[in-house]
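This is what each chain is made of:
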Amino acid sequence: MAKALVRRELIHDSPPEAILESIHQVLRNTIKPRRMMTCCLGLLDPLTRKVAFTNAGHPFPFLFPKIFPPRLLDLTSSPLGVSKKTQFATETITLEPGERIILLTEGVIEALGSEGPLGMDSVKKIVSQIPFFPPEKTWELFMAWHRNQVLSQTKEDDITAVFIHCNEEHARPPTLS
């Protein structure tokens, strides 16, 4: 249902916060009480390298600038379908050559290791240590680390990791001819 709602909003060229608001209202009116859904939505314009993010109770995306330490795109909001009134904030960033964004589901962060849930701090630490490889290699290294940390291969929640790299050769601004 949520996927269809996102597609409907994209046809109307809606901003990220309007897309989440629309999904929120539909879920609030259709799902059982005490049910909810988290979502982090990012709209990427590959020509300008701008990414507009909004969030609904989902783990925050990590931004890894090439020079500065990584930071979380802290977009706090309630999950979809929970509260009557909620506001979704949007943060727009421009990816510079060599930068990357990493999005993770709760299953990655909440997976149980030998000392309890892995947590955002340990995930941030390992991702900070992975060199700027192509996305596929970064994903392989990250998932190998995750498999080694998790006590049981039985998943309590979905495990999804999305790696977005701003490739230097494709990061030139568009030119008009």
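Our subject is the structure listed above.
Residues take numbers from 1 onward in each chain, read along the sequence in its written order. Local features in a predicted model are, by the rule used here, given only for residues with pLDDT of at least 70; side-chain atom pairs are given and counted only at 80 or more, and totals for whole chains, interfaces and linings are based on all residues. Values reported for side chains reflect all heavy atoms of the structure, with hydrogen atoms and water molecules removed beforehand.

## A few points about the state of the cysteines
What we call a disulfide is simply a covalent bond connecting the sulfur atoms of a pair of cysteines.
Right, on to step 1. Defined by distance alone, a disulfide is two cysteine sulfur atoms within 2.5 Å. Applying the stated criterion across every chain yields a total of zero disulfides.
Right, on to step 2. Here Cys 39 is not cross-linked by a disulfide; its sulfur's nearest cysteine counterpart is in Cys 40, at 6.9 Å.
Right, on to step 3. Since its relative accessible area comes to 14%, Cys 39 is described here as buried.
Right, on to step 4. Each residue's exposure class comes from its accessible area (1.4 Å probe, protein chains only) as a fraction of the maximum for that residue type: buried when under 20%, exposed when over 50%, partly exposed otherwise. Residue classification places Cys 40 among the buried positions, given a relative accessible area of 17%.

## Some details on the side chain of Arg 49
Right, on to step 1. Looking at where Arg 49 falls in the secondary structure, it is placed in the loop between strand 1 (39-45) and strand 2 (50-56).
Right, on to step 2. For Arg 49, a relative accessible area of 13% gives the class buried.
Right, on to step 3. Here a polar contact is recorded for every N or O atom pair within 3.5 Å, except that within protein the pair must consist of a potential hydrogen donor and a potential acceptor, and residues adjacent in sequence are included only if both atoms are side-chain atoms. A polar atom in the side chain of Arg 49 sits 2.7 Å from the backbone oxygen of Leu 95. For the purposes of this entry, the term helix denotes a DSSP run of H or I that reaches at least four residues, the term strand denotes a run of E that reaches at least two, and both are numbered from the N terminus.

## Details of the side chain of Thr 38
Right, on to step 1. Summarising the element assignment, Thr 38 is placed in the loop between helix 2 (16-30) and strand 1.
Right, on to step 2. There is a polar contact of 2.8 Å between the side chain of Thr 38 and the side chain of His 58.
Right, on to step 3. Side-chain polar atoms of Thr 38 contact the side chain of Glu 106, separated by 2.8 Å.
Right, on to step 4. Contacts are residue-level and defined by heavy atoms, with any inter-residue pair within 4.5 Å sufficient. Excluding anything up to four places from it in sequence, Thr 38 contacts Ala 56, Gly 57, His 58, Pro 79 and Glu 106.

## Observations regarding the sheet that holds strand 3 (residues 62-64)
Right, on to step 1. Taken in spatial order, the four strands of this open sheet run 4-3-6-9, and their pairing is antiparallel. Two strands in the sheet have a free side with no partner beyond their single neighbour: strand 4 (71-72) and strand 9 (161-165).
Right, on to step 2. Relative to strand 3, helix 4 (residues 119-129) is tilted by about 25°, and along the sheet it contacts strand 3, strand 4 and strand 6 (100-104).
Right, on to step 3. With axes taken as lines fitted to C-alpha atoms, and helix axes fitted only over the stretch in contact, angles between N-to-C directions fall between 0 and 180 degrees. Where helix 5 (residues 135-149) meets the sheet, it contacts strand 6 and strand 9, and its direction lies at approximately 145° from that of strand 9. Here, a strand pair is defined by DSSP locating no fewer than two bridges between the strands.

## Some points on the nonpolar core
The tendency in soluble globular proteins is for nonpolar side chains to be buried side by side.
Right, on to step 1. In this structure, Ile 102, Leu 104, Val 123, Val 127 and Phe 142 are the most contacted members of the largest nonpolar core, which totals 18 residues.
Right, on to step 2. Counting residues per element, the ones that place at least two in this core are strand 3, strand 6, helix 3 (106-110), helix 4, helix 5 and strand 9.
Right, on to step 3. Each residue touching Val 127, except ones within four places of it in the same chain, is listed here: Phe 64, Arg 100, Ile 102 and Phe 142. We call a set of buried residues a nonpolar core when its members are Ala, Val, Leu, Ile, Met, Phe, Trp, Tyr or Cys and they connect through side-chain atoms within 4.5 Å of each other.

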